[in-house]
Amino acid sequence: MAENKCSGCPSAEGCSVQDKENCSSNQGQESFLAPLNKYSKVKKVIGVVSGKGGVGKSFVTAALAAAMKKTGASVGILDADITGPSIPKMFGVTQEAYGNEEGMILPVETKEGIEIMSINLLMEHPEDPVIWRGPVIAGAVKQFWTDVVWGELDYLFVDMPPGTGDVPLTVFQSFPVDGILVVTSPQELVQMIVKKALRMAESMQIPVLGVVENFSYLKCPDCGKKIALFGESHIEETAKELAVRLLGQIPLDPTMARAADEGKFYQMELPYLKEAAAVLKNL
């Protein structure tokens with residue numbers, strides 16, 4: 001019956017009432033925002049997204065969180081990449097997260113004071129795979145928002161899995177996202193897929209703060225020449241075409257990769273993201 005269909009759905013048949021929460025056309029018409037618990041207050045929620053995997057999205061998330069922490073802000077990272085979590089290792093976090101007497105989860109704090117919640121912090125063996133279907137994964141991410149005692153944070157960074165599936169949809173609908181940063185790399189294929197992520201955010205009325213290109217070049221250790229290992233970058237043209245700001249270009253640097261592997265990421269100085277950090281500070 002007509003009254004049981006969503007009139008805003010792009011499908012000719014509309015979508016059923018039961019599917020309304022999964023329909024992006026309802027964004028702004030009906031709120032599905034999930035409330036935080038009484039022990040948490042988050043001022044700004046920043047999503048870090050990518051069109052595909054392997055472009056260094058978690059690396060950029062960790063770098064931005066570290067940069068804002070160094071300004072004196074209180075910072076947390078919600079690792080929403082349930083099947084590929086990497087945030088704890090980058091900060092050298094190995095202890096498990098625990099619950100309190102009210103059944104809520106306490107995040108693990110890095111030695112630098114960044115609050116972290118990741119599925120790896122709840123598993124007996126971090127190397128074990130998470131073999132869950134999409135709705136279950138999305139439900140876990142939502143719980144990381146509602147059931148984790150974040151305390152008072154200036155910034156909560158959400159490291160999302162690549163693509164435009166269940167988790168990004170859940171985050172965009174359930175979290176009060178203040179803006180997203182899109183991570184890409186020089187390959188034209190990647191940049192084509194990035195457009196999908198940007199258009200998803202636009203369709204759901206989520207502000208796009210800008211785009212960051214990773215693996216932009218490799219600097220020769222002998223002569224200093226920039227080598228376009230993954231092809232010449234066209235990110236400036238892409239950003240202009242999509243009317244988004246280019247907020248940084250990060251080179252391939254073995255020292256940064258080694259620091260992440262050794263859990264010493266916070267010690268790195270990353271001047272390549274100064275503009276991105278300035279945008280976040282002025283939100």
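Whatever comes next refers back to the structure up there.
The model shown is predicted, which means the values in this text are computed figures rather than measured ones. (Residues numbered from 1 in each chain as written. Predicted model: local features only at pLDDT ≥ 70, side-chain atom pairs only at ≥ 80, totals over all residues. Heavy atoms only, no water.)

Enquirer: Would you mind going over the sheet that holds strand E12 (residues 246-249) in detail, with residue names and values included?
Expert: Strand order across the open sheet formed by 8 strands is E5-E6-E2-E7-E1-E8-E9-E12, with mixed pairing between neighbours. Looking at strand neighbours, the two that pair on one side only are strand E5 (108-109) and E12, the edges of this open sheet. In the sheet, strand E9 (residues 208-213) pairs with E12 via 3 bridges, with the strands oriented parallel. Along E12, the bridge assignment pairs Val211 with Leu246. (Pairing = 2+ DSSP bridges. Helix = DSSP H or I, 4+ residues; strand = E, 2+ residues; numbered from the N terminus.)

Enquirer: Could you give an account of helix H4 (residues 166-174), with specific residues and numbers?
Expert: Buried residues dominate H4, accounting for 8 of its 9 residues. Among the residues of H4, those classed as buried are Val167, Pro168, Leu169, Thr170, Val171, Phe172, Gln173 and Ser174. (Buried < 20%, exposed > 50% of the residue type's maximum accessible area, 1.4 Å probe, protein only.)

Enquirer: Any chance you could break down the environment of Pro129 for me, citing the residues and the numbers?
Expert: Relative to the helices and strands, Pro129 resides in the loop between strand E6 (115-117) and helix H3 (134-146). Note on Pro129: relative accessible area 59%, which makes it exposed. Each C-alpha atom of the pair Pro129 and Thr83 lies 7.0 Å from the other, and the pair is 46 residues apart in sequence.

Enquirer: Explain a negative patch on the surface to me, and be specific about the residues and the numbers.
Expert: Taken together, the side chains of Glu96, Glu124, Glu127 and Asp128 present a region of like negative charge at the surface. Looking at the element boundaries, Glu127 is found in the loop between E6 and H3. (Patch = residues over 30% accessible without salt bridge, like charges linked within 9 Å, V, L, I, M, F, W, Y side chains within 5 Å. Areas by Shrake-Rupley, 256 points an atom, 1.4 Å probe, with all protein chains shown as cover. Salt bridge = Lys/Arg side-chain N within 4 Å of Asp/Glu carboxyl O. Lys, Arg positive; Asp, Glu negative; His and termini not counted. Charge placed at Lys NZ, Arg CZ, Asp CG, Glu CD.)

Enquirer: Which residues make up the packing of aromatic side chains, and what values go with them?
Expert: Two numbers describe a pair of aromatic rings. These are the distance of the centres and the angle of the planes. Inspection of every chain in the model, using the stated rule, returns 3 aromatic pairs. Aromatic pair Trp145 and Phe175: ring centres 4.9 Å apart, planes at 25 degrees, arrangement stacked. Of this pair, Trp145 sits in helix H3 while Phe175 sits in the loop between H4 and strand E8 (179-184), and the two are 30 residues apart along the sequence. Ring centres of Phe215 and Phe230 lie 5.8 Å apart, and the angle between their planes is 45 degrees; on these two criteria the pair is classed as tilted. Residue Phe215 is located in the loop between E9 and strand E10 (218-219), and its partner Phe230 is located in the loop between strand E11 (226-227) and helix H6 (235-242); the two are separated by 15 residues in the primary sequence. We note Lys70 situated over the ring of Tyr266; from NZ or CZ to the ring centre the distance is 4.9 Å. Across from the ring centre of Tyr217, 4.5 Å away, lies the NZ or CZ of Lys226, which sits over that ring. (Phe/Tyr/Trp six-rings, centres within 6.5 Å; stacked < 30°, edge-to-face > 60°. Lys NZ or Arg CZ within 6 Å of the ring centre and 35° of its normal.)

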